[in-house]
Amino acid sequence: MAIIVNLDVMLAKRKMSLTELSERVDVTISNLSILKTGKAKAIRFSTLEAICEALDCQPGDILEYQSDQ
């Protein structure tokens, strides 16, 4: 997939666990794990906004486009 999810990187930078993020954004750990591993097919803007607010970051800090070339 050309979209890379850097959620684990941002969690490490903020010294936050997936469990803590889950509690802050009210999204299950399993759904965050699916997102973190890059297996998610979509993400709601409201969820992305909540994650960015909790991690004090921009969407581009979490999502990255990588060309297959």
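Note that the coordinates shown come from a computational prediction; the quantities given were computed from them, not determined experimentally. (Residues numbered from 1 in each chain as written. Predicted model: local features only at pLDDT ≥ 70, side-chain atom pairs only at ≥ 80, totals over all residues. Heavy atoms only, no water.)

Engineer: Just to check I follow, could you spell out the packing of helix α2 (residues 18–25) against helix α3 (residues 29–36) for this structure?
Structural biologist: Relative placement of two packed helices is described by the angle separating their axes and the distance separating the axes. Between α2 and α3, the least distance of the axes is 9 Å, while the angle of their chain directions is 115°. As the angle between them shows, α2 and α3 are arranged roughly perpendicular. Both α2 and α3 take part in a crossing whose hand is right-handed. On α3, the residues that touch Leu 18, Thr 19, Leu 21, Ser 22 and Val 25 of α2 are Ile 29, Leu 32, Ser 33 and Lys 36. In terms of residue class, the contact of α2 with α3 is made up of 5 nonpolar, 3 polar and 1 charged. (Axes fitted to C-alpha atoms, helices over the stretch in contact; angles between N-to-C directions. Helix = DSSP H or I, 4+ residues; strand = E, 2+ residues; numbered from the N terminus. Parallel < 35°, antiparallel > 145°, perpendicular 65-115°, else oblique. Left-handed = near helix turned anticlockwise from the far one by under 90°. Contact = heavy atoms within 4.5 Å. Nonpolar A, V, L, I, M, F, W, Y, C, P; charged D, E, K, R; others polar.)

Engineer: Could you clarify how one ought to interpret the layout of surface pockets in this entry?
Structural biologist: Left-over empty space is what a probe sized like a water molecule reveals as it rolls over the atoms. Of the voids in this model, the largest pocket is the one considered here, and its volume is about 170 Å³. Around the largest pocket, the lining residues are Val 27, Asn 31, Ile 34, Leu 35, Ala 40, Ala 42, Ile 43, Arg 44 and Thr 47. It is α3 that contributes the most residues to the lining of the largest pocket, 3 residues altogether. The class makeup of the residues in the lining of the largest pocket is 6 nonpolar, 2 polar and 1 charged. (1 Å grid on protein atoms, 1.4 Å probe; cavity = no way out; pocket = protein on both sides within 12 Å on 5 of 7 lines; lining within 4 Å. Points joined across faces, edges and corners; volume = space filled by probe spheres on them.)

Engineer: Teacher, can you tell me more about the side chain of Ser 22 here?
Structural biologist: The residue Ser 22 is located in helix α2 in this model. When its relative accessible area of 11% is taken as the criterion, Ser 22 is described as buried. (Buried < 20%, exposed > 50% of the residue type's maximum accessible area, 1.4 Å probe, protein only.)

Engineer: It is not clear to me how unusual backbone geometry should be interpreted in this structure. Could you clarify?
Structural biologist: The phi torsion of most residues other than glycine is negative, and most of the peptide bonds are trans. For Asp 26, which is not glycine, the phi torsion reads 60° and is therefore positive. Here Asp 26 lies in the loop between α2 and α3. Classification of Asp 26 by relative accessible area gives exposed; the value is 72%.

Engineer: Any chance you could explain the packing of α2 against helix α4 (residues 45–55) here in plain terms?
Structural biologist: One way to put it is that α2 packs onto α4 with a least axis distance of 9 Å and a crossing angle of 120°. Here α2 lies oblique to α4, going by the angle between them. When you trace α2 past α4, the crossing you get is right-handed. Within the contact between the two elements, α2 uses Leu 21, Arg 24 and Val 25 and α4 uses Ala 50, Ile 51, Ala 54 and Leu 55. Its residues placed into classes, the contact of α2 with α4 shows 6 nonpolar, no polar and 1 charged.

On their own, these measurements won't tell you what the molecule is for.
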